[in-house]
Amino acid sequence: MSPFQFLKEVREELQRVTWPSKEEVIEATIAVIVFCAVIAAYFWVIDTVLTAALEVILAK
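Everything numeric in this text was worked out from a predicted model, so none of it was measured.

Moving on: the overall build of the protein chain. Looking only at helices and strands, the protein chain features two helices and zero strands. Its C-alpha atoms give the protein chain principal-axis dimensions of about 75 × 30 × 10 Å. Summed over its atoms, the accessible surface of the protein chain is roughly 5800 Å², and 72% of this surface lies on carbon and sulfur atoms. Taking the average location of the 5 positive side-chain charges in the protein chain and that of its 8 negative ones, the two points are 6 Å from each other.

All right, on to the packing of aromatic side chains then. In this structure the tally under the stated criterion is one aromatic pair. Pairing Tyr 42 with Phe 43 gives two aromatic rings, centres 5.5 Å apart and planes at 65 degrees, and the pair type is edge-to-face. Here Tyr 42 falls in the partly exposed class, since its relative accessible area comes to 49%.

Definitions and cut-offs
Residues numbered from 1 in each chain as written. Predicted model: local features only at pLDDT ≥ 70, side-chain atom pairs only at ≥ 80, totals over all residues. Heavy atoms only, no water. Helix = DSSP H or I, 4+ residues; strand = E, 2+ residues; numbered from the N terminus. Areas by Shrake-Rupley, 256 points an atom, 1.4 Å probe, with all protein chains shown as cover. Lys, Arg positive; Asp, Glu negative; His and termini not counted. Charge placed at Lys NZ, Arg CZ, Asp CG, Glu CD. Phe/Tyr/Trp six-rings, centres within 6.5 Å; stacked < 30°, edge-to-face > 60°. Buried < 20%, exposed > 50% of the residue type's maximum accessible area, 1.4 Å probe, protein only.

Keep in mind these values describe shape, not function.
In structure tokens:
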């Protein structure tokens, strides 16, 4: 397959793609940011609890 044939087929395939709307992209981006913030808070809480527990154990 020649590079030109490949690029022609890629272009044809990209024309068949259903692209998301601007609103869908914004909603998905917000969902990802919120999810990441929730996971980060979860790990922060777990880290804080385990650090406090370890300090109590090592202080004895």
